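# Survey of secondary and tertiary structure
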Amino acid sequence: MTEGPAPEPIRNNLRGAAWLLADMSLNIWALAIVKSLGLGLPAVQIVFLRAATGLVLLLPLLLRRPDTLRLSQPGLHGLRVALSSAALTTSFYAVAHLPLALFTAINFTRPLVLMGMAALLLRETIRPQQWVAGAVGLIGVMIAVQPGAAAFGAGHLALVGTVLAGTGAVIVTRRMREEAPLMMMVSYTLGLALVTALPAAWAWTPVGEAWPLVLMIGVFAQFAQFCFLRAQFWGDTGVLAPLGYASLPLSAGVGYFLFDEAPTLGFGLGAALIIAASIYASRR
């Protein structure tokens, strides 16, 4: 007797939303710690310590599943780690020098950048409406950044690098769909630690009394990744995707209460255009 296809997992959008909110909150608090420490510690050192902390947390899984490190596509894994290392380093630098809400809003352009990269690198077909959405998103970026109000500095350049490198990592990940999720997570964390070890040692700055905060970055980031995976298990994409934009008011609130960063009306308008363009570009 032939068995039928495996049943779809039970969906619970309320649980999925709760897990996703936990994921966003943990990520925002990790970025808030980076922002408070970023001006005193090199960004690459923070990335290394984040990865090392995550590796310690993953060690029990490695001991139980040593076969996890058998890579079927080592070249793509290496490229993904390299791009992710660059994205994290530039993001930690950018969040230390820019308002937290602006950092979050500009990162919402990733779906638009992904669209362009998918057309160029993966030969995916992009509809005219999606190119229009990309143009609207670019206008939103210009309004949110307000280049005439302040000098375009290293923090802005780092944020551009974050979006490009991070989106490139997503492109590579999309080519690795057959890889096991656990192996992807372990190879990512281990790769980050190895790639950033030497640069971090070269630029090393004594952490001093900030060690607990630095370790919390890795703890928050690793548990956020777990919360994200649970959210994807429980929730439907149609529910989770729009909810992801709730990270903007969360980050704006953290920036306002902890760092006295008051969003301007221009920023609000630009962020609204970016979000609207990203949602429109994602529609089928």
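All figures in this text were calculated on a predicted structure; none of them were measured in a lab.

Right, let's get into the nonpolar core. Residues Leu37, Phe92, Ile106, Leu248 and Phe267 are the most contacted members of the largest nonpolar core, which totals 46 residues. The element best represented in this core is helix 1 (residues 13-37), accounting for seven residues. Leaving out residues up to four positions away in the same chain, leucine 248 has contacts with Ala101, Thr104, Ala105, Phe108, Phe267, Ala271 and Ile275. Residues Ala119, Ala133, Ala277 and Ala281 belong to the second largest nonpolar core, which totals seven residues.

With that settled, the discussion passes to the packing of helix 4 (residues 100-107) against helix 11 (residues 247-259). In contact at an axis separation of 7 Å, helix 4 and helix 11 are set at 160° when each is read in the N-to-C sense. With respect to helix 11, the element helix 4 is oriented roughly antiparallel. The hand of the helix 4/helix 11 crossing is right-handed. Contacts between helix 4 and helix 11 involve Leu100, Ala101, Thr104 and Ala105 on the former and, on the latter, Ser247, Leu248, Ser251, Ala252, Val254 and Gly255. The class makeup of the residues in the contact of helix 4 with helix 11 is six nonpolar, four polar and no charged.

Below, the discussion takes up a nonpolar patch on the surface. Taken together, the side chains of Trp29, Tyr256, Phe257 and Leu258 make up a nonpolar region of the molecular surface, amounting to roughly 490 Å² of accessible area. For the nonpolar patch, the leading source of residues is helix 11, giving three residues. With respect to the helices and strands, tyrosine 256 occurs in helix 11.

Attention shifts here to helix 11. Here helix 11 spans 17 Å end to end across 13 residues, near enough to the 18 Å set by a 1.5 Å rise per residue. Residues Ser247, Leu248, Ser251, Ala252, Val254 and Gly255 constitute the buried set of helix 11. One side of helix 11 holds all its buried residues, which, seen down the axis, span an arc of 165°. Set apart from the buried face of helix 11 by more than 90 degrees, the exposed residues are Pro249 and Phe257.

As a further point, take the environment of alanine 231. Within the element layout of this structure, alanine 231 appears in helix 9 (residues 211-234). Assessed through its relative accessible area of 0%, alanine 231 is described here as buried. Through-space distance from the C-alpha of alanine 231 to that of aspartate 23 is 8.4 Å; in sequence the pair is 208 residues apart. Sequence-distant contacts of alanine 231, that is, excluding residues within four places in its chain, are made with Gly16, Trp19, Leu20 and Leu240.

Moving on, we get to the packing of helix 5 (residues 110-121) against helix 6 (residues 128-145). Relative orientation of the contacting elements helix 5 and helix 6 amounts to 135°, with a least axis distance of 9 Å. Regarding the angle of helix 5 to helix 6, the classification is oblique. Between helix 5 and helix 6 the crossing geometry is left-handed. For the pair helix 5 and helix 6, contact is made by Leu112, Met115, Gly116 and Ala119 and by Gln130, Trp131, Ala133, Gly134 and Gly137, respectively. Tallied by class, residues from the contact of helix 5 with helix 6 come to five nonpolar, four polar and no charged.

What follows concerns unusual backbone geometry. Positive phi, normally seen in glycine, also occurs at aspartate 260, with a value near 55°. Relative to the assigned elements, aspartate 260 resides in the loop between helix 11 and helix 12 (265-282).

With the rule as written, the count across this model stands at two aromatic pairs. Over the face of the ring belonging to tryptophan 234 we find arginine 15, whose NZ or CZ atom lies 4.7 Å from the ring centre. A cation sits over an aromatic face here: lysine 35 above phenylalanine 259, 5.5 Å from the ring centre.

Going through the model one piece at a time under the given rule, you end up with one salt bridge. Across the pair glutamate 261 and lysine 35 runs a salt bridge whose closest N-O atoms are separated by 3.0 Å. Here lysine 35 lies in helix 1 and glutamate 261 lies in the loop between helix 11 and helix 12, a separation of 226 residues in the sequence. Classification of glutamate 261 as buried rests on a relative accessible area of 17%.

Rules used throughout
- Residues numbered from 1 in each chain as written.
- Predicted model: local features only at pLDDT ≥ 70, side-chain atom pairs only at ≥ 80, totals over all residues.
- Heavy atoms only, no water.
- Core = buried A, V, L, I, M, F, W, Y, C linked by side-chain atoms within 4.5 Å.
- Buried < 20%, exposed > 50% of the residue type's maximum accessible area, 1.4 Å probe, protein only.
- Helix = DSSP H or I, 4+ residues; strand = E, 2+ residues; numbered from the N terminus.
- Contact = heavy atoms within 4.5 Å.
- Axes fitted to C-alpha atoms, helices over the stretch in contact; angles between N-to-C directions.
- Parallel < 35°, antiparallel > 145°, perpendicular 65-115°, else oblique.
- Left-handed = near helix turned anticlockwise from the far one by under 90°.
- Nonpolar A, V, L, I, M, F, W, Y, C, P; charged D, E, K, R; others polar.
- Patch = residues over 30% accessible without salt bridge, like charges linked within 9 Å, V, L, I, M, F, W, Y side chains within 5 Å.
- Areas by Shrake-Rupley, 256 points an atom, 1.4 Å probe, with all protein chains shown as cover.
- Salt bridge = Lys/Arg side-chain N within 4 Å of Asp/Glu carboxyl O.
- Expected span 1.5 Å × (residues − 1).
- Arc of directions from axis to C-beta.
- Phe/Tyr/Trp six-rings, centres within 6.5 Å; stacked < 30°, edge-to-face > 60°.
- Lys NZ or Arg CZ within 6 Å of the ring centre and 35° of its normal.

Treat this as a map of the structure, not an account of what it does.
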